[in-house]
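# Results of the structural survey
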Amino acid sequence: MGVHKKNIMKKYLNSLDKIDKIAFVILGVMLLLILINGCTAEIDVCEKGERNDGVVCTEIYQPVIAPDGTEYPNACYAGRDGWDNSCLTLKEL
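As a starting point, this report considers the structure included with it. (Residues numbered from 1 in each chain as written. Predicted model: local features only at pLDDT ≥ 70, side-chain atom pairs only at ≥ 80, totals over all residues. Heavy atoms only, no water.)

### Considerations on the overall build of the protein
Each helix and strand in the protein was counted, giving two helices and three strands. Along the protein, helices and strands appear, N-terminal first, in the series α-β-β-α-β. Judged by the C-alpha coordinates and their principal axes, the protein covers about 90 × 25 × 25 Å. Per-residue burial over the protein gives 15% buried out of 93 residues. The long-range share in the protein, meaning contacts at least 24 apart out of those at least 6 apart in sequence, stands at 42%. Counting every atom, the protein has about 8000 Å² of accessible surface; 63% of that belongs to carbon and sulfur. Here the protein carries 10 positive and 13 negative side-chain charges, and the mean point of each set is 29 Å from the other. (Helix = DSSP H or I, 4+ residues; strand = E, 2+ residues; numbered from the N terminus. Buried < 20%, exposed > 50% of the residue type's maximum accessible area, 1.4 Å probe, protein only. Contact = heavy atoms within 4.5 Å. Areas by Shrake-Rupley, 256 points an atom, 1.4 Å probe, with all protein chains shown as cover. Lys, Arg positive; Asp, Glu negative; His and termini not counted. Charge placed at Lys NZ, Arg CZ, Asp CG, Glu CD.)

Structure (structure tokens):
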């Protein structure tokens, strides 16, 4: 009976060794995918779009600066000129 238990224990340990190797390979593939995704160039979403002259803006002065350095009296004017609000920076008064 002791020999049978030793054989079972060896098989169990061998199966754990195989699982460790599989887990190591999976971890390696995951790290490789993270590295590949992390090295892709980001798309610049702050590009000026088309001007929309049909927008009416209020005259509230809360100056913003667009990515190209243009200063607008408020975000509405920048949006009317084609900038997305997420691209604007509030100017400190």
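From this point, things continue past the structure.
### Topic: the nonpolar core
One broad rule of soluble globular proteins: the nonpolar side chains tend to lie buried together. In terms of nonpolar packing, the biggest core is built from eight residues, these being C57, V64, A66, Y72, Y77, A78, W83 and L88. Non-local contacts of Y72, meaning those with residues more than four positions away in its chain, are made with K48, P63, V64, A66, Y77, A78, D81 and W83. (Core = buried A, V, L, I, M, F, W, Y, C linked by side-chain atoms within 4.5 Å.)

### A look at the sheet that holds strand 2 (residues 71–72)
Strand order in this open sheet of three strands is 2-1-3, and the pairing throughout is antiparallel. Both outer strands of the open sheet, strand 2 and strand 3 (89–90), are each paired with one neighbouring strand and no more. (Pairing = 2+ DSSP bridges.)

### Notes on the side chain of N74
Here N74 lies in the loop between strand 2 and helix 2 (75–80). Since its relative accessible area comes to 7%, N74 is described here as buried. In this structure the side chain of N74 is engaged in a polar contact, spanning 3.0 Å, whose partner is the backbone nitrogen of C76. Not counting residues within four places of it along the chain, the set of residues in contact with N74 comprises T58, I60, Q62 and V64. (Polar contact = N/O pair within 3.5 Å; in protein donor to acceptor, adjacent residues only side chain to side chain.)

### Looking at the state of the cysteines
By definition, a disulfide is the covalent link that joins the sulfur atoms of two cysteine residues. Per the counting criterion, the structure on display carries two disulfides. The side chain of C46 participates in a disulfide bridge whose partner is C87; the two sulfur atoms lie 2.3 Å from each other. Taking the torsion about the sulfur-sulfur bond, which here is approximately -95°, the covalent link between C46 and C87 counts as left-handed. With C46 in the loop between helix 1 (2–38) and strand 1 (64–65) and C87 in the loop between helix 2 and strand 3, the pair connects residues that are 41 residues apart, well separated along the chain. Take C87: its relative accessible area is 8%, and that puts it in the buried class. Across the disulfide from C57 sits C76; the S-S distance is 2.0 Å. The sign of the -80° torsion about the S-S bond sets the C57-C76 disulfide as left-handed. In this pair, C57 is assigned in the loop between helix 1 and strand 1 and C76 in helix 2, connecting sequence segments 19 residues apart. (Disulfide = S-S within 2.5 Å.)

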